[in-house]
Amino acid sequence: MSLPYAADAETSLSPSELQVLRSQYETELASGHVTTQTKFNYAWGLVKSKSRDDMSHGVGLLTEIYRSDPPRRRECLYYLSLGHYKMGNFDEARRFNGEKRYMNRSMPSRIDPF
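A brief report on the enclosed structure follows.

Cut-offs used in this document
- Residues numbered from 1 in each chain as written.
- Predicted model: local features only at pLDDT ≥ 70, side-chain atom pairs only at ≥ 80, totals over all residues.
- Heavy atoms only, no water.
- Axes fitted to C-alpha atoms, helices over the stretch in contact; angles between N-to-C directions.
- Helix = DSSP H or I, 4+ residues; strand = E, 2+ residues; numbered from the N terminus.
- Parallel < 35°, antiparallel > 145°, perpendicular 65-115°, else oblique.
- Left-handed = near helix turned anticlockwise from the far one by under 90°.
- Contact = heavy atoms within 4.5 Å.
- Nonpolar A, V, L, I, M, F, W, Y, C, P; charged D, E, K, R; others polar.
- Core = buried A, V, L, I, M, F, W, Y, C linked by side-chain atoms within 4.5 Å.
- Buried < 20%, exposed > 50% of the residue type's maximum accessible area, 1.4 Å probe, protein only.
- Polar contact = N/O pair within 3.5 Å; in protein donor to acceptor, adjacent residues only side chain to side chain.

Moving on, we come to the packing of helix α2 (residues 36–47) against helix α3 (residues 52–68). Angle between the axes and distance between the axes are the two parameters that describe a pair of packed helices. Where α2 meets α3, the axes come as close as 7 Å, and the angle between the chain directions of the two elements is 150°. When the interaxial angle is binned, α2 and α3 end up roughly antiparallel. Classified by chirality, the crossing of α3 by α2 is left-handed. Of the residues in α3, those touching α2 at T36, K39, F40, Y42, A43, L46 and V47 are D54, M55, H57, G58, V59, L61, L62, E64 and I65. For the contact of α2 with α3, the class distribution of residues is 10 nonpolar, 3 polar and 3 charged.

With 24 residues, the main nonpolar core has Y42, W44, L61, L62, Y79 and L80 as its most contacted residues. Those elements giving two or more residues to this core turn out to be α1 (15–31), α2, α3 and α4 (73–86). In this structure L62 touches F40, A43, V47, C76, Y79 and L80, once residues within four positions along its chain are discounted.

Viewed as axis vectors pointing N to C, α1 and α2 meet at an angle of 145°, and their least axial separation amounts to 9 Å. Handedness of the crossing formed by α1 with α2: left-handed. Of the residues in α2, those in contact with L18, L21, R22, Q24, Y25 and E28 of α1 are T38, K39, N41, Y42, G45 and L46. Here the contact of α1 with α2 is composed, by residue class, of 5 nonpolar, 4 polar and 3 charged.

On to the side chain of K48, then. By secondary structure assignment, the location of K48 is in the loop between α2 and α3. When its relative accessible area of 11% is taken as the criterion, K48 is described as buried. In this structure the side chain of K48 is engaged in a polar contact, spanning 3.0 Å, whose partner is the backbone oxygen of T11. Look past the residues within four positions of K48 in its chain and what remains in contact with it is D8, A9, T11, S12, L13 and K86.

In short, shape yes, function no, at least from these values alone.
This is the structure:
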């Protein structure tokens, strides 16, 4: 899996692109089940936004994924770190980055670290 560069977090989606992600998320939410991938895609789109409220909402969704989906935790740590960094929450960004490094050291070598 290829992760985006940190600079990619600074490139906002167009309003129509973000609306596609929002619509998919809201449709699944209304049906009673949001897939992790849909929630993740919407969260990343929000983190990339220029709006602090959007970024904060995106970080909140990523936090939900981190807590509820253990196989996605390492990936979420990277995106949480980027989201907090972008919002200027440098201590939180550093904390999540440190957790990611710790997880990479404690994982079996057969799993490629991020």
